[in-house]
Amino acid sequence: MRKALLTSMAAAFALSTAMPALAQVEERTIRISNGVNEDHPVGDGVDAFKACVDEATDGAWTVNAFWGSSLGDDLDATQQLRSGTLEAVITSTSPLVGIEPALGVFDLPFLFANEEEADAILDGEFGDYVSDMMPEHNLVNLAWWENGFRNLTNSVRPVESVEDLNGMRVRVMQNNIFLDTFETLGANATPMAFGEVFTALETGAIDAQENPFVTIDTSQFYEVQDYLSVTRHAYTPFMFLFSKPVWDTYSEEEQNILVTCAEQGRDEQRRVSRELSDQSLAKLRESGMQVNELSEEEQERIREQVAEVYERHAENIGPEVVERMQTALEEMRNQ
Ligand code: TK8
């Protein structure tokens, strides 16, 4: 019996290797949920992903992207992936800390100094270490894309010192570390899904929000915000998450196509994100936003004040996760 099984497996294997390369590729439809709008650099990344998939599958796969939280916000969409009712989402890590607390490590304020550090950590061992935690939650991280360094906008006053934040109603992502960071700085922080932010700013339910320049631009926050303060207080990665229940129905060859193409998309997405960042900033100025940088001294005061956030959240993130991140950063910085 056993022998018969092995023989037939061997025969099947021989057959499959003898067949053309695309034998293991079926017709597939992949829906990708996004909170941002199509003109965000994620749109360029998705185009590159599509082109790659199209070539690799000889047109057998259909990729449909949905924008502006039309399939649900980051967290909703991610839950749909976990139950296998949606294939993919490109989401910030921050709203997912309730699913995997280790993701909170990226929310620690002033963690990365620049994009090169973020790329090296995310595409290196540390990024793999975190990605490997996702299958347990019924998720597969295909690649790390870029949301980017976050800056504060508001409709009250230029934020030039910590004191300017006092009592300001700031929308934060659904994430305890961001909540704590802004409360520690004296703001009145309100967690909210991204899709609700524009209206909340427009109606004056909140005064402020924080996001990278390209998002402030492509989500038209400049229409309802007057001041932009270049705080770069955190770097948020995007994950290109795939549904594990769906992933399990894909052949190995198909799984490889997903990862390879998500990485090609990542390269294009990051390139455009960086290219567009300055253009977005210029556009925000042109649209009438008043932009200010923070003095070295104020930056230092803010850093000092939020240092305690690290202490308070290390336990929940996982001490070994925080330590691994810090070691990886130190090693990189000492090189
Ligand atoms: C878009 C979000 C957004 C994030 C936020 O889906 O919620 O502020 O920065 O860009 O992931």
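Before reading on, note that the structure itself is shown above.
Here's a quick rundown of the structure.

About the cut-offs
Residues numbered from 1 in each chain as written. Predicted model: local features only at pLDDT ≥ 70, side-chain atom pairs only at ≥ 80, totals over all residues. Heavy atoms only, no water. Helix = DSSP H or I, 4+ residues; strand = E, 2+ residues; numbered from the N terminus. Buried < 20%, exposed > 50% of the residue type's maximum accessible area, 1.4 Å probe, protein only. Contact = heavy atoms within 4.5 Å. Near = heavy atom within 4 Å. Polar contact = N/O pair within 3.5 Å; in protein donor to acceptor, adjacent residues only side chain to side chain. Areas by Shrake-Rupley, 256 points an atom, 1.4 Å probe, with all protein chains shown as cover. Nonpolar A, V, L, I, M, F, W, Y, C, P; charged D, E, K, R; others polar. Axes fitted to C-alpha atoms, helices over the stretch in contact; angles between N-to-C directions. Parallel < 35°, antiparallel > 145°, perpendicular 65-115°, else oblique. Left-handed = near helix turned anticlockwise from the far one by under 90°. Salt bridge = Lys/Arg side-chain N within 4 Å of Asp/Glu carboxyl O.

Side note on unusual backbone geometry
So, point 1. Positive phi is not limited to glycine here, since Asp58 has a value of about 55 degrees.
So, point 2. Inspection of the secondary structure assignment puts Asp58 in the loop between helix 2 (41–56) and strand 2 (61–66).
So, point 3. The phi dihedral of Arg232 falls on the positive side, at around 40 degrees, and the residue is not glycine.
So, point 4. As for its placement among the helices and strands, Arg232 is situated in the loop between strand 9 (227–230) and strand 10 (235–243).

Here we look at the environment of Leu284
So, point 1. Mapped onto the elements, Leu284 comes out in helix 10 (residues 252–286).
So, point 2. Judged by its relative accessible area of 0%, Leu284 falls in the buried class.
So, point 3. When the C-alpha atoms of Leu284 and Val214 are compared, they prove to be 9.6 Å apart, with 70 residues separating the residues in sequence.
So, point 4. Look past the residues within four positions of Leu284 in its chain and what remains in contact with it is Phe213, Ile216, Asp217, Tyr222, Leu228 and Met289.

Here's the deal with the site of the ligand
So, point 1. Close contacts around the ligand come from Gly35, Val36, Asp74, Ser92, Asn147, Arg150, Arg171, Met173, Phe194, Asn211 and Phe238, and that covers them all.
So, point 2. At 3.0 Å from an oxygen atom of the ligand is found a side-chain nitrogen or oxygen belonging to Arg150.
So, point 3. Here Asn211 contributes a side-chain N or O atom positioned 2.6 Å from an oxygen atom of the ligand.
So, point 4. Compared with its free state, where it exposes 310 Å², the ligand has 99% of that area covered by protein.
So, point 5. Grouping the constituent residues of the shell around the ligand by class yields 4 nonpolar, 4 polar and 3 charged.

What about helix 6 (residues 176–184)?
So, point 1. Those residues of helix 6 lying buried are Ile177, Phe178, Asp180, Thr181 and Phe182.
So, point 2. Of the surrounding elements, those touching the buried residues of helix 6 are strand 5 (151–154), strand 6 (169–172), strand 7 (188–191), strand 8 (208–211), strand 10 and helix 11 (296–317).
So, point 3. At the N-terminal boundary of helix 6, the capping side chain belongs to Asn175, with an oxygen 2.9 Å from the backbone nitrogen of Ile177.
So, point 4. At the exit of helix 6 stands Gly186, carrying a positive phi of roughly 95 degrees.

Some remarks on the packing of helix 2 against helix 10
So, point 1. In contact at an axis separation of 7 Å, helix 2 and helix 10 are set at 150 degrees when each is read in the N-to-C sense. Compared by their axis directions, helix 2 and helix 10 come out roughly antiparallel. Between helix 2 and helix 10 the crossing geometry is right-handed. The residues of helix 10 that touch helix 2, namely those facing Pro41, Val42, Asp44, Gly45, Ala48, Phe49, Cys52, Val53 and Ala56, are Ile257, Leu258, Cys261, Ala262, Gln264, Gly265, Glu268, Gln269, Val272, Ser273 and Leu276.
So, point 2. Partitioning the contact of helix 2 with helix 10 into residue classes produces 13 nonpolar, 5 polar and 2 charged.

A word on the pattern of salt bridges
So, point 1. One pass over the full model with this rule turns up 19 salt bridges.
So, point 2. A salt bridge links Asp123 to Arg266; the nearest nitrogen and oxygen atoms lie 3.6 Å apart. Of the two residues, Asp123 is situated in helix 4 (residues 115–123) and Arg266 in helix 10; the sequence distance between them amounts to 143 residues.
So, point 3. On the basis of relative accessible area, Asp123 is assigned to the partly exposed category, the value being 36%.

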